[in-house]
Amino acid sequence: MNSTNLDPTKDTLVPLLRRMLLIRRVEERLSADFHAGKLPGGVHLYIGQEAVAAGVCAHLRDSDTITSTHRGHGHFLAKGGSPRAMMAEIWGKQEGICRGMGGSMHVADVSKGILGANGIVAAGLAIATGSAFAAKLDKGDRVAVCFFGDGASNQGTFMECLNVSTLWQLPTIFVCENNNFSEFSPTATVTAGAIIDRARAFKIPCTAVDGNDVLAVWRAAGAAVEHARKGGGPSFIEAHTYRLHGHLEAEKSFLKSPYREDREIEEWRQRDPLRRFKDYLTGERICDGGEIDALEAEIAEIVEDAARFAEAGEPADPNLVFDIMFHEQRA
Amino acid sequence: MNSTNLDPTKDTLVPLLRRMLLIRRVEERLSADFHAGKLPGGVHLYIGQEAVAAGVCAHLRDSDTITSTHRGHGHFLAKGGSPRAMMAEIWGKQEGICRGMGGSMHVADVSKGILGANGIVAAGLAIATGSAFAAKLDKGDRVAVCFFGDGASNQGTFMECLNVSTLWQLPTIFVCENNNFSEFSPTATVTAGAIIDRARAFKIPCTAVDGNDVLAVWRAAGAAVEHARKGGGPSFIEAHTYRLHGHLEAEKSFLKSPYREDREIEEWRQRDPLRRFKDYLTGERICDGGEIDALEAEIAEIVEDAARFAEAGEPADPNLVFDIMFHEQRA
Amino acid sequence: MAKKRYIQAINDALMEEMARDPKIILFGEDVEISMFGDTQGLRARFGADRIRNTPICEATLTGMAVGAAASGYRVVLHMMFSNFIYTGFDAIANQMAKLRLMTGGQMRFPITVLAGYGGGRSSAAQHSDTPYPALMNLGGVNVVVPASPADAKGLLKTVLRADNPTFFLEAGGRGAETAEVPDDDYTIPLGKAAVLREGRDVTIVAIGTMVKHGVAAAAELAGKGIDAELIDVRSLVPFDEDTVLASVRKTGRLVVADEARDRCSAASHICAVVADKGFGSLKAAPKRVTVPNVAMPYAPNAEKNVLPNATKIAEAAAALVNAKAGS
Amino acid sequence: MAKKRYIQAINDALMEEMARDPKIILFGEDVEISMFGDTQGLRARFGADRIRNTPICEATLTGMAVGAAASGYRVVLHMMFSNFIYTGFDAIANQMAKLRLMTGGQMRFPITVLAGYGGGRSSAAQHSDTPYPALMNLGGVNVVVPASPADAKGLLKTVLRADNPTFFLEAGGRGAETAEVPDDDYTIPLGKAAVLREGRDVTIVAIGTMVKHGVAAAAELAGKGIDAELIDVRSLVPFDEDTVLASVRKTGRLVVADEARDRCSAASHICAVVADKGFGSLKAAPKRVTVPNVAMPYAPNAEKNVLPNATKIAEAAAALVNAKAGS
Ligand SMILES: Cc1ncc(C[n+]2csc(CCOP(=O)(O)OP(=O)(O)O)c2C)c(N)n1
Ligand SMILES: Cc1ncc(C[n+]2csc(CCOP(=O)(O)OP(=O)(O)O)c2C)c(N)n1
Ligand SMILES: [Mg+2]
Ligand SMILES: [Mg+2]
């Protein structure tokens, strides 16, 4: 682990682990449920990237906003979204956080500042920028964080939002999760130069971090959030990471040949952020094995409860669409 | 004027002057015709920026392609488009280069590689990139030049096209004409950082030039075109210049207050690229006053002829739309 | 009552509502100077926070409108010419029109998008589109097309006070047209068409820019002894089916005048609705007077040739009425 | 003849035409791997010049298609899901659909845009749109909606050989459906609808994904003694008015089944055209069976509730026929 001037205490560290564990175990369950044919739609899992969501969101309050991607469960949970409500959503149930209308790609909880996962690659950038503009106009110290992928950084709105955010000194925090792939295309085959250089052109604070090192992420995000809260304007973080599952869980059903080496996946498994963080916590004697096991057990219970809640939920209201398309106006 | 290793001869210099003069005098005539109420639509004039189109297009062949902007007369003429056909187009006549269907904002001559002026800010970027892709696939040494404004550089397709062009090593030449304004907004009020840095992020050759110095433009463009022809990939040129007329000729009719100082316009008039180039040519004794007067007279005749041709043209065919919307298919 | 220009009525509505509600903000390209005049003077009055020129980046502007609205502001986004709606279409079609449903109704989107539409001034294909059919098909956005100064003001006030994304489309080049506007603080509800002239022989439904031509057509028809009922739809989403159906029940004949291209136009949809729900009352085929399925040409004669006008509307209406007389 | 999957028929057409014409190139996001299967194997056969994965940048991809086509190539652009068409809509609406007219016919645009459309698989609102109404309204692009493997192949071959921008929209999730495909090198012209079943009582016009449901509806109706004529439009632009009008002349009744949202749908337009040109032959109101004006919900039951299906089509048709019987 890196060492910097920011020195987290156990009170900070354990919740980080907790969040990462929660994301991991919820998604393992979703993966199993998907492959068991229990989920109506597809899922894009975040497994392997948990350190990014956890490290960033640890600095955020409910009043801060985030926008997320098609791979949004991790951001949702890290920002404090309910596992029950998320799982029920993915099961298409009335109890779902979006009442079954959105599904996996659209989990959102406005009360927690989660402006939504998004099925359109890079769409969250402008939504976060708009939300950062609102924060600025409010004259408080809210910030808006935009999570997006390396693939999304090839959408022009990335540059547009850097421009507007820099020009207006908005509290926008751009967090690019570079997981080496844009769907099935290795990043280098679709992305020229270094993504971080595109942000550097705007002379805003830019940091590259090991996205599998939750403390590195936590430190970089802490600096960016503080900078934004103080009115310093936008910043950019590129977190290098890897998704250990497929682009989507269903991919084996249509892929004729693998698009990455098993060896590569295995290498990254060695750098699994969860394992690394556990090793760090025990190695540094911040937690002992017993504490971690207890946490695992607690999380397992939460996941089991959430899954049972989701499965037992009521089917969505099929006529809700007509009532909620508009506010106080029928579709 | 700058001095570099590229040393143009009189055979190069006089045609540059000729092109600049042609653009200037054609547009002066269009301005007069517009204010006399003779033109059906609006016009965005290029007066003051002629050195850019002339300096770049001097290196291009008919087989090279360009894309242009709403301010496209200069590019059209510099690339060898016919003054008669352009003026007739702007008059809305059958003899127009687009048979009266396009007008000022859409002048195009495919036979000369002029893929068109364009009413959508930044649209030419992707069209040029697509044309550069075609050039690359042809395996010849064609290049594609995209002219666009400082305002257009805030559209995300700018970054997208830099990415694709760099990734695929396309012979795309990005020529940003920074004339200090995006419509009525001073560039600094809408554009964060330096535009050139956005291109530098892709590690392609990037040059900033005095866009009112035709030789500086000519040298920079020569290097970019040679680089592209040799398969070196894209490059970027930012030409600093100024439009001496309004954003559009009609602007006085709706502006309640001026958006720039008369003094500023006057300052830039002192740096008029045409005057500067004439001074250079006579100062360096490359041309004498008599030669320049003769050229002026020749151009005056061309302009007079083109204007008369346009005015005498037949009204457009009102039913043509139905025949040409599609190729071999009626609308 | 006082005579006001169409664009002034829009400007008045913005002024009054922004004064009333400090949460309203407005941004767009060159809104401070205001080429059309609709946003003129707002910057001086409401300052740099609430009124902002933006860079040219429509894709981001529409997305920002969504984000700022989701964070508590009431956003007015000026898109200048309607064709630039396409440039920002992703966040309109995929976010603005869908996000409320996708989030199970958690969000409200008090977003007003302003843009001028339509042809007739040799602005050529990229500055002359009438884009509402695509917007109407999205399902999640309202579409308002005021034809008169008084309607423009009253409808805009309603829109600015409501919580749904709404395209308030300004009749291009009509800014200087003048008519009486009430002095008081009035609003006009969406989804209520206006019957501008009552008549027995044929119903003319006119949309936005076509209302003026509909008025002229009705006058022309009256001269020929044909008594046309003229309806200004005022809003396309929500749409006042009842008023149109009631009129057709009376007249038995329908002409819809629409500056959109014909295929999947608003006119098509209105004719389909009337053919469905008003089938029994139709004495003749419902007719569309629209722009043919072409891009707008530049040359004035060519443009005139494809644009609907009073004569085309009157001819369509007269043909319907005479067909009956003759049959 | 051999049984082929729908997606295989599309793949075959691409293979054969790319082998025939070296000027055809194809690009898009992950076209090398091909999530849908339509472009599978092309990279291996035709190489990196002609088949390319692109970055995610739809706005540029559509513009590049225009530029490459204007420079002599025959471009196939794969947009994956139809909703991403909106992301690249600027160059579609403002360039692809208009540039030929704006340049006075100087350019040709042999561009084929591929995309999958439609719902039914809990893909939620941003991956389930049926976007053709907006495309149909543009005027300058063709829209093809093949329903069967044989049609998909024959229509795509026609499109790949023609010089006009064409959206070739693939029925989402139908890739594995299998039917006979001729072995020879055949093409099917655009603008020719297919009469899949002749009938006397009611005309069912089905579009793309709805054809399958139309077939089931016709069978259901036959069981009730109602003899439906079923027409597969095959292409929406150009559109075969004659076949539809001839059918309505015979049956006097029309139901149009369309997976687009209702307002300004293809169904609206077809109903409007029939109400106009076929007014005299209509015995009952022309009916639309469409998706209501909402975004597609995720939950299967909610999605099912808004999607048209055989039962809804059959019910609409039966109601028309019975209304007559009863009247
Ligand atoms: C506008 C748009 N284009 C294409 C897609 C299809 N798509 C979904 S995810 C994805 C790749 C995204 O890559 P990245 O941003 O790196 O995120 P990751 O999947 O790696 O987390 C693509 C192309 C989409 N959803 N939206
Ligand atoms: C997509 C789009 N948005 C907005 C406009 C309106 N518009 C026309 S020119 C212009 C400013 C362009 O500035 P710049 O690129 O610097 O070119 P310049 O006019 O200075 O030559 C704007 C905003 C447009 N034509 N297209
Ligand atoms: Mg990625
Ligand atoms: Mg400029």
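All residue numbers refer to positions counted from 1 along the written sequence of the respective chain. Following the order in which they are written, the chains are lettered starting with A and the ligands numbered starting with 1. With the structure being a predicted model, the display of local features is reserved for residues of pLDDT at least 70 and the display and counting of side-chain atom pairs for 80 or more, all residues being used for whole-chain, interface and lining totals. To get the side-chain values, all heavy atoms of the structure are used, and hydrogens and water are removed first.

**Re the coordination of the magnesium ion (ligand 3)**
All names here are of chain A. Selection criterion: Each metal's donors comprise the N, O and S atoms found within 2.8 Å of it (within 3.2 Å for Na, K or Ca). Water is not part of the atom list, so some coordination spheres may appear incomplete. Secondary structure elements follow DSSP: runs of H or I no shorter than four residues count as helices, runs of E no shorter than two count as strands, and numbering proceeds from the N terminus. Burial classes: relative accessible area under 20% of the type maximum marks a residue as buried, over 50% as exposed, and values in between as partly exposed (1.4 Å probe, protein chains only).
For the magnesium ion (ligand 3), the full set of protein donor atoms is D150 (OD), N179 (OD1) and F181 (O), and the range of their distances to it is 2.0 to 2.1 Å. Read in sequence order, the donor residues coordinating the magnesium ion (ligand 3) give the pattern D-x28-N-x1-F. Remark: F181 occurs in strand β4 (residues 181-182) and D150 occurs in the loop between β2 (144-149) and α6 (157-167); sequence separation between them is 31 residues. What makes F181 buried here is its relative accessible area of 7%.

**Concerning the coordination of the magnesium ion (ligand 4)**
Residue and element names in this part refer to chain B. Protein coordination of the magnesium ion (ligand 4) is provided by D150 (OD), N179 (OD1) and F181 (O), with donor distances spanning 2.0 to 2.1 Å. Along the chain, the residues donating to the magnesium ion (ligand 4) fall in the pattern D-x28-N-x1-F. Judged by its relative accessible area of 6%, N179 falls in the buried class.

**Quick word on the site of ligand 2**
Counted only if it meets this: Whether a residue is near a molecule or strand depends on its heavy atoms: it is near if one of them lies within 4 Å of it. Distance and chemistry together define a polar contact, namely a pair of N or O atoms within 3.5 Å, with one atom able to donate a hydrogen and the other to accept it when in protein, and with adjacent residues in sequence counting only for side-chain atoms on both sides. Every accessible area reported is derived by Shrake-Rupley at a probe size of 1.4 Å, with residue values counting cover from the shown protein chains alone. Residue type decides the class: Asp, Glu, Lys and Arg count as charged, Ala, Val, Leu, Ile, Met, Phe, Trp, Tyr, Cys and Pro as nonpolar, and the leftover types, Gly among them, as polar.
Neighbouring ligand 2 are 22 residues, the closest being H70, R71, G119 and G151 of chain B together with E58 of chain C. With respect to ligand 2, its neighbouring residues span chains B and C. Between ligand 2 and the protein, one listed contact pairs a nitrogen atom with a side-chain N or O atom of E58 of chain C at 2.5 Å. Calculation on ligand 2 without its partners gives an accessible area of 580 Å², and the protein chains cover 96% of this total. Taken together, the elements giving at least two residues each to the shell around ligand 2 come down to β4 (181-182) of chain B together with α4 (83-87) of chain C. When its residues are assigned to classes, the shell around ligand 2 shows seven nonpolar, 10 polar and five charged.

**What about the interface of chain C and chain A?**
Threshold: By the convention used here, residues are in contact when the closest approach between their heavy atoms is within 4.5 Å. Summed over both partners, the accessible area lost on bringing two parts together, with a 1.4 Å probe, is the buried area. We define a salt bridge as a side-chain nitrogen of Lys or Arg found within 4 Å of a carboxyl oxygen belonging to Asp or Glu.
Across the contact, 40 residues belong to chain C and 38 residues belong to chain A. Summed over both sides, the interface between chain C and chain A buries roughly 3,300 Å², with carbon and sulfur atoms accounting for 63% of that surface. If you sort the residues of chain C by the area they bury against chain A, M64, L101 and Q106 of chain C come out on top, with a joint share of 18%. There are two salt bridges connecting chain C and chain A.

**Some details on the packing of aromatic side chains**
Put simply, the test is: Ring pairs are drawn from Phe, Tyr and Trp, using the six-membered ring of Trp, whenever the two centres fall within 6.5 Å, and their geometry is named by plane angle: stacked under 30 degrees, edge-to-face over 60, tilted for the rest. To sit over a ring, a charge needs its Lys NZ or Arg CZ within 6 Å of the ring centre and within 35 degrees of the ring normal.
Throughout the structure, instances matching the rule amount to 31 aromatic pairs over all chains. Seen from their ring centres, Y242 of chain A and W268 of chain A are 4.9 Å apart, and the 5° between their planes marks the pair as stacked. One end of the pair, Y242 of chain A, is in the loop between β7 (235-240) and α10 (262-270); the other, W268 of chain A, is in helix α10, with 26 residues separating them in the sequence. No difference in accessibility class separates Y242 of chain A from W268 of chain A, as the two residues are buried. Above the plane of the ring of F181 of chain A lies R260 of chain A, whose end atom (NZ or CZ) is 5.8 Å from the centre. Taking the ring centre of W168 of chain A as reference, the NZ or CZ of R52 of chain C above it sits at 4.6 Å.

**Structural notes on the packing of helix α2 (residues 50-57) of chain A against helix α9 (residues 214-229) of chain A**
Residues and elements named next belong to chain A. The following threshold applies: Note on geometry: axes are C-alpha line fits, over the in-contact stretch for helices, and angles between N-to-C directions span 0 to 180 degrees. With the far helix as reference, a near helix turned anticlockwise by less than a right angle produces a left-handed crossing, and one turned clockwise produces a right-handed crossing.
Close contact between α2 and α9 brings their axes to 8 Å; oriented N to C, the two are set at 35°. Relative to α9, α2 is oriented so that their crossing is right-handed. In this structure, α2 uses A51, V52, A54, G55 and V56 to contact α9, whose residues at the interface are V214, V217, W218 and A221. Along the lines of polarity and charge, the residues of the contact of α2 with α9 split into eight nonpolar, one polar and no charged.

**Side note on the nonpolar core**
Where a protein is soluble and globular, its nonpolar side chains tend to be buried together. Rules: In this text, buried Ala, Val, Leu, Ile, Met, Phe, Trp, Tyr and Cys residues form a nonpolar core when linked through side-chain atoms within 4.5 Å.
Y132 of chain C together with Y132 of chain D are the most contacted members of the largest nonpolar core, which totals 237 residues. In this view, Y132 of chain D contacts Y117, V143, V145, L169, I207, L236, D258, E259, A260 and A266 of chain D; residues no more than four positions away in its chain are not counted.

**Regarding the domain arrangement of chain C**
Residue and element names in this part refer to chain C. Stated precisely, the cut-off is as follows: Domain boundaries shown here were taken from an automatic or database domain assignment.
Split by domain assignment, chain C resolves into domain 1 (2-181) and domain 2 (194-322). Each of domain 1 and domain 2 has a C-alpha centre, and the two are 26 Å apart. Each partner contributes to the interface: domain 1 provides 28 residues, whereas domain 2 provides 27 residues. The contact between domain 1 and domain 2 buries some 2,100 Å² in all, and 54% of this surface belongs to carbon and sulfur atoms.

**Examining the relation of the copies chain D and chain C**
Inclusion rule: When the copies are superposed, the least-squares fit takes in the C-alpha atoms of residues with a pLDDT of at least 70 in both.
Expressed as a screw operation, the relation of chain D to chain C combines 0.0 Å of axial shift with a rotation of 180°, fitting to an RMSD of 0.0 Å. In symmetry terms, the pair is related by a two-fold rotation axis.

**Some words on the interface of chain D and chain C**
Contacts between the two partners involve 48 residues from chain D, matched on the other side by 48 residues from chain C. Together chain D and chain C conceal approximately 4,100 Å² of surface at their shared face, both sides included; 59% is due to carbon and sulfur atoms. Taken together, the links from chain D to chain C amount to five salt bridges. Where R288 of chain D meets D276 of chain C, a salt bridge forms, and the shortest distance between an N and an O atom there is 4.0 Å. On inspection of chain D and its partner chain C, the count reaches 26 residue pairs in polar contact (both at pLDDT 80 or more). Among the secondary structure elements, those contributing two or more residues to the side of chain D that touches chain C are α4 (83-87), α5 (89-96), α6 (99-102), α7 (132-138), β12 (235-237), α11 (266-277) and β14 (287-291) of chain D. The biggest single contributor to the side of chain D that touches chain C is α11 of chain D, with eight residues. Across the side of chain D that touches chain C, the residue classes tally to 26 nonpolar, 12 polar and 10 charged.

**Description of the pattern of salt bridges**
Summed over the entire model, instances satisfying the criterion amount to 97 salt bridges over all chains. Between R25 of chain A and E296 of chain A there is a salt bridge, with its nearest N and O atoms 2.7 Å apart. Separated by 271 residues along the polypeptide, R25 of chain A in helix α1 (residues 10-35) and E296 of chain A in helix α12 (residues 289-312) bring together distant segments of the chain. Look at R25 of chain A and you get partly exposed, because its relative accessible area is 22%. Take E296 of chain A: its relative accessible area is 17%, and that puts it in the buried class. Between D21 of chain D and R74 of chain D there is a salt bridge, with the nearest N and O atoms lying 3.6 Å from each other.

**Re the site of ligand 1**
Around ligand 1, the surrounding shell holds 22 residues, and the nearest of these are H70, R71, G151 and N179 of chain A together with E58 of chain D. In this structure, ligand 1 is bordered by residues of chains A and D. H70 of chain A is positioned such that a nitrogen or oxygen atom in its side chain is 2.7 Å from an oxygen atom of ligand 1. Against a free-state accessible area of 580 Å², the protein chains account for coverage of 97% of ligand 1. Partitioning the shell around ligand 1 into residue classes produces seven nonpolar, 10 polar and five charged.

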